Every structure is written in structure tokens, then in C-alpha cells.
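Residue strings, one per chain:
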Amino acid sequence: MNYKTLKPDIRGRFDEVEKKFFNQSSSLRTSPEKEKIEFSKYCWDESEKITDLIIKDISKINFTVKNGPFKNMWDTFNKEANFQI
């Protein structure tokens with residue numbers, strides 16, 4: 001897995017939703033505070049859904065990590081936390 005390969009898709013998904021939020025927010029600039037708060041919650045919820053979808057997609061990718069200090073550190077953490085990998 002290479003972050004530079006995944007980044008354009010990830011960024012594109014967030015760019016799309018951020019444009020949508022920006023367009024929707026123009027009518028809220030003079031709205032009461034309650035509506036602004038509800039819109040902010042809506043934005044967070046939608047962003048979280050996209051994040052969950054991206055994580056789900058990335059989780060389907062099979063990749064290997066070369067042996068070395070980084071892998072050894074995570075192996076130690078996982079072993080101490082009793083994670084089965």
C-alpha cells in the first residue's frame with residue numbers, strides 16, 4: 001500500500017463533500033445559531049461516514065510491511081494488547 005497512490009482518491013472524496021458543505025452553508029451565514037450548530041453536526045456526521053467508507057475500502061487492500069523497527073514496534077504493541085493478527 002502506498003499513501004501517494006491512495007491520496008488522490010481520499011482527497012477527492014473529501015473535496016467533493018467539502019464543496020457541498022460550502023455551497024449549503026452560504027444560506028446559513030445569517031441564520032440563527034441553532035441552525036448553524038445543527039449544520040455543523042450534519043457536516044461532522046457526513047465526514048465521519050466518508051471516513052468510515054474510506055477505512056473500509058483501505059481495509060480490503062492486502063499489503064505487507066517489511067521487517068524492521070516500525071514493524072517490530074507494532075508487533076510488540078499488538079502482542080502486549082493481545083491483538084490477534
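Being a predicted model, the structure only gives us computed values, none of them experimental. (Residues numbered from 1 in each chain as written. Predicted model: local features only at pLDDT ≥ 70, side-chain atom pairs only at ≥ 80, totals over all residues. Heavy atoms only, no water.)

1. Section: the packing of helix 1 (residues 3-25) against helix 2 (residues 33-59)
Packing of helix 1 against helix 2 leaves a shortest axis separation of 11 Å and a crossing angle of 165°. Judged on the interaxial angle alone, helix 2 and helix 1 are roughly antiparallel. The two elements helix 1 and helix 2 meet at a crossing, and its hand is right-handed. Of helix 2, the residues touching helix 1 (which contributes Leu6, Ile10, Arg13, Phe14, Val17, Lys20, Phe21, Gln24 and Ser25) are Phe39, Tyr42, Cys43, Glu46, Ser47, Ile50, Thr51, Leu53, Ile54, Asp57 and Ile58. (Axes fitted to C-alpha atoms, helices over the stretch in contact; angles between N-to-C directions. Helix = DSSP H or I, 4+ residues; strand = E, 2+ residues; numbered from the N terminus. Parallel < 35°, antiparallel > 145°, perpendicular 65-115°, else oblique. Left-handed = near helix turned anticlockwise from the far one by under 90°. Contact = heavy atoms within 4.5 Å.)

2. Focus on helix 2
Its 27 residues place the ends of helix 2 39 Å apart at the C-alpha level, agreeing with the 39 Å of an ideal helix rising 1.5 Å per residue. Its buried side turned inward, helix 2 meets helix 1. (Expected span 1.5 Å × (residues − 1).)

3. Comments concerning the nonpolar core
Grouped together as the largest cluster of nonpolar side chains are 8 residues: Phe14, Val17, Phe21, Leu28, Phe39, Cys43, Ile50 and Ile54. Going through the elements one at a time, helix 1 and helix 2 are the ones with two or more residues in this core. Among the elements that make up this core, the one with the highest residue count is helix 2 (4 residues). Sequence-distant contacts of Phe14, that is, excluding residues within four places in its chain, are made with Ser47, Ile50, Thr51 and Ile54. (Core = buried A, V, L, I, M, F, W, Y, C linked by side-chain atoms within 4.5 Å. Buried < 20%, exposed > 50% of the residue type's maximum accessible area, 1.4 Å probe, protein only.)

4. Considerations on the confidence of the model for the protein chain
Chain-level pLDDT for the protein chain is 89 on average; 96% of the residues reach the 70-or-more range. Mean pLDDT in the protein chain bottoms out at helix 3 (residues 69-80), which sits at 88, and peaks at helix 2, which reaches 94. (pLDDT = per-residue confidence, 0-100.)

5. Here's the deal with the environment of Thr51
As for its placement among the helices and strands, Thr51 is situated in helix 2. With relative accessibility at 31%, the residue Thr51 sits in the partly exposed group. Measuring from C-alpha to C-alpha, the distance between Thr51 and Phe14 comes to 8.8 Å, with 37 residues separating the pair along the chain.

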